[in-house]
Amino acid sequence: MKTYGNIESIEAAYELAKEAYGKFGINADAVVEAALEIPISVQCWQGDDVTGFEGADGISGGGILATGNYPGRARNGDELRADAEFAFSLIPGKKRFSLHMFYAETGGKKVDRDELEPEHFTTWMAWSRTKEIPLDFNPSFFSHPLANDGYTLASADPAIRRFWIRHAAASRKIASAFGANQGSPSVTNIWIPDGSKDLPADRLSPRRRLKEALDEILDVPQDPRTITDAVESKLFGIGSESYVAGSHDFYLAYATARQIKVCLDMGHFHPTENIADKISAALLFVPGLLIHFSRGVRWDSDHVPLFSDELREVCREIIRRNIQNKIDFALDFFDASINRIAAWTIGARSLRKALLEALLEPSGLLLEAEEAGKLHERLGLLEEFKTLPFSAVWDKLCLDAKVPVGTDWLGKIADYEAQTLSKRK
Ligand code: RNT
Ligand code: ZN
């Protein structure tokens, strides 16, 4: 693979770009720095097709499913950590790592999900400290015998419900240990698959049970300096096509009432609905948002996000209002049909790219035109800003962050595949 360019030409192109942005009052140097500072939470589950370490072997179940069989899936904690570290070397800027409960390391001992303790994440926490990668967390309400009938926290069976309440409580305790270990809150996201394949006769009771279960879980006090709670809605899933108990309306109301964060997943709405417009509305009522950056193709397919209009719109919406401190930026996709490290790299780089682009936008001028009632000017500027020399600044950002510029990361992936992934049989 040819290398993308030499340092001199990247710097020279950047100087010209800097001048172009400078004309609109944007300081590109400062923007590059700011863009690198925004943490992106990388999802561990892309590395192993949402399998976990319980020996489930590729069955994710519970409304989500990784498809494809590209060789080289990480099979244990050491492989997953090694793959993630390698991906991090290709992704510019600050990173976090998001775990699920079923990535506990129990040393071969069977410990059910309601009995896991912080000690089962000792290796993860040590790694997090050494690599300075803070951890986020997710209780795992799927791929488990007690999730087989499609209901967990909203289950009509009190024994099943109890199990999952204990599971969530254990997760929050572990997340809080992460938070203490890393000195900042671990963002802990509750997503449950609960729903019905066909038309339910009673839509209310599961939601009432879900509300009561969540109350019980969140009533257990945890130090807010160590954990931030979030709840994630969904429109439908595989096997829950007709009804999902934890819908957007449900969680928006719930999070408002409890003053916790709402998680908006880009793939969890109607295919033509973009979450960009929901951000300002929700933030008037909830303390913050967790965003799962994903790309739905016709449905909630969890494809790798690209530098798409949808993703760029979401980033612009956040940056224009300068509300990035209220947003947790997280990735959520799982594609087993391509090299998994490339999937991480493409998804995370697209998000960083969209953040950079949004930060470079001279949005103050748009606002001025709007406030002055010069709407033709607003439209004209909006259109002109699209073709400012953004890519030169992106290359410079990668250079500054000491990650491969342009397509250079592809060669590194090929080497890692030859040396490491291809040996996993
Ligand atoms: C599922 C949700 C959830 C999961 C991960 C694995 O539809 O998007 O966020 O993808 O927790
Ligand atoms: Zn999600």
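Only a predicted model underlies this, so the values are computations on that prediction, with no experimental measurement involved.

Caption draft 1: Seen up close, the packing of helix H8 (residues 276-283) against helix H9 (residues 309-320). At a minimum axis separation of 8 Å, H8 and H9 run at an interaxial angle of 30°. When the axis of H8 is compared with that of H9, the two are roughly parallel. Packed against H8, whose contacting residues are Ala276, Ile279 and Ser280, the element H9 presents Glu313, Val314, Glu317 and Ile318 at the interface. For the contact of H8 with H9, the class distribution of residues is four nonpolar, one polar and two charged.

Caption draft 2: Focus on a nonpolar patch on the surface. Taken together, the side chains of Leu65, Ile238 and Trp299 define a hydrophobic patch exposed on the protein surface, amounting to about 280 Å² of accessible area. Within the secondary structure, Leu65 is located in the loop between strand E1 (40-43) and helix H3 (77-88). When its relative accessible area of 42% is taken as the criterion, Leu65 is described as partly exposed.

Caption draft 3: Inspection of the packing of aromatic side chains at higher detail. Taken as a whole and assessed by the stated rule, the structure comprises 21 aromatic pairs. Seen in terms of ring centroids, Phe86 and Tyr416 are 4.2 Å apart; in terms of plane orientation they differ by 10°. Their pairing is stacked. Here Phe86 is found in helix H3, whereas its partner Tyr416 is found in helix H14 (residues 408-419), with 330 residues between them in sequence. Aromatic pair Phe121 and Phe137: ring centres 5.3 Å apart, planes at 85°, arrangement edge-to-face. Here Phe121 is found in the loop between strand E2 (95-100) and helix H4 (122-131), whereas its partner Phe137 is found in strand E3 (residues 135-138), with 16 residues between them in sequence. On the basis of relative accessibility, which here comes to 0%, the residue Phe121 falls in the buried class. Counting every residue linked through ring pairs, the aromatic cluster contains Phe53, Phe102, Tyr103, Phe142 and Trp191. Positioned above the aromatic ring of Trp124, the side-chain terminus of Arg81 is 4.6 Å from the ring centre. One Lys or Arg, Lys353, reaches over the ring of Phe307 and ends 5.5 Å from the middle of that ring.

Caption draft 4: Focus on the side chain of Asn189. Structurally, Asn189 is set in strand E4 (residues 186-190). The class for Asn189 is buried, based on a relative accessible area of 2%. Here the side chain of Asn189 touches Glu232 through a polar contact of 2.9 Å, side chain to side chain. Each residue touching Asn189, except ones within four places of it in the same chain, is listed here: Phe137, Asn138, Pro139, Ala230, Val231, Glu232, Cys263, Leu290 and His292.

Caption draft 5: Focus on the coordination of the zinc ion (ligand 2). Looking at the metal site, the zinc ion (ligand 2) is ligated by Glu232 (OE), Asp265 (OD), His292 (ND1) and Asp332 (OD), spaced 2.1 Å from it. Geometry at the zinc ion (ligand 2) is octahedral, judged from its six donor atoms and the angles of 70 to 167° they form at the metal.

Caption draft 6: Structural detail: H3. With 12 residues, H3 extends 16 Å from end C-alpha to end C-alpha; this agrees with the ideal 16 Å at 1.5 Å per step. Across the 12 residues of H3, nine count as buried, placing the element largely inside the fold. Residues of H3 that are buried: Gly77, Glu79, Leu80, Arg81, Asp83, Ala84, Phe86, Ala87 and Phe88. Buried positions along H3 lie against E1, E2, H4, helix H10 (340-360) and H14. Its side-chain oxygen at 3.1 Å from the backbone nitrogen of Asp78, Asn76 defines the N-terminal cap of H3.

Caption draft 7: Representation of the pattern of salt bridges. In total, this model carries 31 salt bridges according to the counting rule given. Of the charged contacts, one joins Arg225 and Asp223 as a salt bridge, the two residues approaching to 2.8 Å between their closest N and O atoms. Between Asp309 and Arg312 there is a salt bridge whose closest N-O contact spans 3.3 Å. Taken together, the residues Asp309 and Arg312, both in helix H9 and three residues apart, mark about one turn of the helix. A network of salt bridges, in which partner residues are shared, links Asp309, Arg312, Glu313, Arg316 and Glu357.

Caption draft 8: Representation of the environment of Arg225 in the model. Structurally, Arg225 is set in the loop between helix H6 (204-218) and strand E6 (227-232). Here the alpha-carbon distance between Arg225 and Ile323, two residues 98 residues apart in the chain, equals 20 Å. Leaving out residues up to four positions away in the same chain, Arg225 has contacts with Ser184 and Pro185. A distance of 2.8 Å separates polar atoms of two side chains, one belonging to Arg225 and the other to Asp223.

Conventions used here
- Residues numbered from 1 in each chain as written.
- Chains lettered and ligands numbered in written order.
- Predicted model: local features only at pLDDT ≥ 70, side-chain atom pairs only at ≥ 80, totals over all residues.
- Heavy atoms only, no water.
- Axes fitted to C-alpha atoms, helices over the stretch in contact; angles between N-to-C directions.
- Helix = DSSP H or I, 4+ residues; strand = E, 2+ residues; numbered from the N terminus.
- Parallel < 35°, antiparallel > 145°, perpendicular 65-115°, else oblique.
- Contact = heavy atoms within 4.5 Å.
- Nonpolar A, V, L, I, M, F, W, Y, C, P; charged D, E, K, R; others polar.
- Patch = residues over 30% accessible without salt bridge, like charges linked within 9 Å, V, L, I, M, F, W, Y side chains within 5 Å.
- Areas by Shrake-Rupley, 256 points an atom, 1.4 Å probe, with all protein chains shown as cover.
- Salt bridge = Lys/Arg side-chain N within 4 Å of Asp/Glu carboxyl O.
- Buried < 20%, exposed > 50% of the residue type's maximum accessible area, 1.4 Å probe, protein only.
- Phe/Tyr/Trp six-rings, centres within 6.5 Å; stacked < 30°, edge-to-face > 60°.
- Lys NZ or Arg CZ within 6 Å of the ring centre and 35° of its normal.
- Polar contact = N/O pair within 3.5 Å; in protein donor to acceptor, adjacent residues only side chain to side chain.
- Donors = N, O, S within 2.8 Å, 3.2 Å for Na, K, Ca; no water.
- Tetrahedral: all angles 85-135°; square planar, octahedral: opposite > 155°, others 65-115°.
- Expected span 1.5 Å × (residues − 1).

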